[in-house]
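# Coordinates in review
Listed below are the residues making up each chain.
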Amino acid sequence: MSNVVALITGASRGIGSAIAMEFAKAGVNVVLNYHRHALMAQRVAEKIKDKYDVDVLCVKADVAVEEEVEAMMNQVVDHFGKIDILVNNAGICRDSLLLEKSVANFRRILDVNLIGTYLCSKYAAKVMLERGGGKIINISSTNAIDTYYPESCDYDASKAGVISLTHNLAREFAPHILVNCVCPGWVKTDMSDGLSIEQIQEEENKILLHRFADPEEVAKVVLFLASSKASYINDSIIRVDGGKLNN
Ligand code: NAP
């Protein structure tokens, strides 16, 4: 996949940095978007440059802010001249008791996870369409489909919205841009780091493989969807959750 450019949002750590590493290993030039952790994004970039012969660009942008997303796309086009693949991975989760949630926090979850996915898709699609097409891969969650805990009702709603958005983007941009969605179950990242040992055991007991995923196990599926091997996969919602009891 040489001469291909992929923008991965939220690539400073977790699943996003694993996707960037997998893409770079496959010869893809990568743009690492980050929000708060510039140093972490730079470390990912250095690791990629040390190991692989690809170009890497780090770009700071809050995906929830339209002006910042537009500026990020312009920066990518100035540097690479195009965007072939967009991975909408940036996401946040702030669990709290449903009755104690503030509207501001609920809105922030929707803004980053759902509006951010919309904004990045909108501005990347404009660039892709000018050059014939591309691919968009959205990272949702099994929380969009299954119900876990009411504490994450805002997160679940945002991720359900990402699935709906995937279907609409696929319709809008076919046949030029293929749009797919990956729904991970539990993955070992900072996002799942706050669970107690008891909670981890309880959740692992519901997974047929009895363990959380490594970020790389999600990243490899995203790479497959981004590759020419997935040329007839469009508008699909793909679970990467190890199989779950009582779906
Ligand atoms: P993580 O380790 O918490 O990393 C989140 C990433 O998103 C960071 O790179 C962060 O950048 C970035 N980010 C957060 N807010 C942003 C914003 N406003 N603008 C741009 N970037 C922003 O999370 P993760 O576990 O890797 O999750 C990645 C994606 O997978 C998310 O969409 C998440 O919902 C989804 N997912 C995760 C799991 C899981 O169990 N971990 C399961 C299902 C789905 P900074 O560090 O620079 O702030």
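Structure: above.
These figures come from a predicted structure and were not determined experimentally.

### Some points on the sheet that holds strand 7 (residues 237-240)
Pairing within the open sheet is parallel, and its seven strands lie in the order 3-2-1-4-5-6-7. The open sheet has two edge strands, strand 3 (56-60) and strand 7, and neither has a second partner. Averaged over neighbouring strand pairs, the angle between their axes works out to 20° when direction is ignored. Examined bridge by bridge, strand 5 (residues 134-139) and strand 6 (residues 177-184) share six bridges and lie parallel to one another. Considered in strand 6, the bridge of Ile 136 is made with Val 179.

### Observations concerning the site of the ligand
Close to the ligand lie 32 residues; Ser 12, Arg 13, His 37, Tyr 155 and Thr 189 are nearest. Separating an oxygen atom of the ligand from a side-chain N or O atom of Ser 12 is a distance of 2.7 Å. Here the ligand loses 97% of its free accessible area of 890 Å² to cover by the protein chains. Given that more than half its atoms are within 2 Å of the pocket grid, the ligand belongs to the largest pocket. Across the shell around the ligand, the residue classes break down as 14 nonpolar, twelve polar and six charged.

### Focus: the layout of surface pockets
Looking at the largest pocket, its volume works out to about 1,200 Å³. Surrounding the largest pocket, 45 residues form its lining, Gly 91, Ile 92, Cys 93, Tyr 155 and Met 191 being those nearest its centre. Taken together, the elements giving at least two residues each to the lining of the largest pocket come down to helix 1 (14-25), strand 2 (29-34), helix 4 (103-130) and helix 5 (153-173). Top contributing element to the lining of the largest pocket by residue count: helix 1, with three residues. Partitioned by chemical class, the residues of the lining of the largest pocket number 17 nonpolar, 19 polar and nine charged. Lining of the second largest pocket is provided by Ser 17, Ala 18, Met 21, Glu 22, Lys 25, Val 44, Lys 47, Lys 51, Tyr 52 and Glu 216. Mapped onto the lining of the second largest pocket, the elements with two or more residues apiece are helix 1 and helix 2 (38-51).

### Overview of the nonpolar core
In this structure, Ile 19, Phe 23, Leu 32, Ile 48 and Val 222 are the most contacted members of the largest nonpolar core, which totals 35 residues. Those elements giving two or more residues to this core turn out to be strand 1 (5-8), helix 1, strand 2, helix 2, strand 4 (85-88), strand 5 and helix 7 (215-226). No other element matches the seven residues that helix 1 contributes to this core. Look past the residues within four positions of Ile 48 in its chain and what remains in contact with it is Ala 20, Met 21, Ala 24, Val 30, Leu 32, Val 54 and Val 56. Judged by nonpolar contacts, the second largest core, of 31 residues, contains Ala 64, Phe 80, Leu 169 and Ile 177.

### Quick notes on the pattern of salt bridges
Charged atoms that come close allow side chains of opposite charge to pair. A full pass over the atoms with the stated rule returns 15 salt bridges. Close ionic contact of Asp 235 with Arg 171 constitutes a salt bridge, the shortest N to O distance being 3.0 Å. With Asp 235 in the loop between helix 7 and strand 7 and Arg 171 in helix 5, this pair connects stretches of sequence that are 64 residues apart. A relative accessible area of 58% places Arg 171 in the exposed class. Linking Asp 214 and Lys 188 is a salt bridge whose minimum nitrogen-to-oxygen distance equals 2.8 Å. Here Asp 214, found in the loop between helix 6 (197-204) and helix 7, pairs with Lys 188, found in the loop between strand 6 and helix 6; they are 26 residues apart in sequence, far enough to count as distant. On the basis of relative accessibility, which here comes to 30%, the residue Asp 214 falls in the partly exposed class. We classify Lys 188 as partly exposed; its relative accessible area is 46%. Because the salt bridges share partners, they merge into one network encompassing Asp 146, Arg 239, Asp 241 and Lys 244.

Calculation criteria
- Numbers given for residues are sequential positions, taken from 1 along each chain in its written order.
- For this predicted model, a pLDDT threshold of at least 70 governs which residues receive local features, and a threshold of 80 or more governs which side-chain atom pairs are given and counted, while totals over whole chains, interfaces and linings are taken from all residues.
- With hydrogens and water set aside, each side-chain value is computed from the structure's full complement of heavy atoms.
- Paired strands, in this sense, are two strands between which DSSP finds at least two bridges.
- A run of H or I in DSSP becomes a helix once it reaches four residues, and a run of E becomes a strand once it reaches two; helices and strands are each numbered from the N terminus.
- To obtain an axis, a line is fitted to C-alpha atoms, over the contacting stretch when the element is a helix, and the angle between two such axes runs from 0 to 180 degrees between their N-to-C directions.
- Throughout, near means a residue has at least one heavy atom within 4 Å of the molecule or strand.
- Whenever a nitrogen or oxygen atom comes within 3.5 Å of another N or O atom, the pair is scored as a polar contact, on the condition that within protein one atom can donate a hydrogen and the other can accept it, and that pairs from neighbouring residues in sequence are kept only if both atoms are in side chains.
- Using a 1.4 Å probe, the Shrake-Rupley method yields the accessible areas, and only the shown protein chains count as cover for residues.
- Here a cavity denotes grid points, spaced 1 Å and computed from the protein atoms alone, that fit a 1.4 Å probe unable to get out, and a pocket denotes an open set having protein on both sides within 12 Å along at least 5 of 7 lines; residues with an atom within 4 Å of a point are the lining.
- For this analysis, a molecule is said to be in a pocket or cavity if more than half of its atoms are within 2 Å of the grid points defining it.
- Classification used: nonpolar for Ala, Val, Leu, Ile, Met, Phe, Trp, Tyr, Cys and Pro, charged for Asp, Glu, Lys and Arg, polar for all others including Gly.
- Grid points are joined across faces, edges and corners, and a volume is the space filled by probe spheres set on the points.
- Buried Ala, Val, Leu, Ile, Met, Phe, Trp, Tyr and Cys residues form a nonpolar core when they are joined through side-chain atoms within 4.5 Å.
- Burial classes follow relative accessibility: with a 1.4 Å probe on protein chains only, a residue under 20% of its type's maximum area counts as buried, one over 50% as exposed, and anything between as partly exposed.
- A contact between two residues is defined here by any heavy atoms of the two lying within 4.5 Å.
- One speaks of a salt bridge when a side-chain nitrogen belonging to Lys or Arg is within 4 Å of a carboxyl oxygen belonging to Asp or Glu.

Remember that the coordinates give geometry; whether it matters functionally is a separate question.
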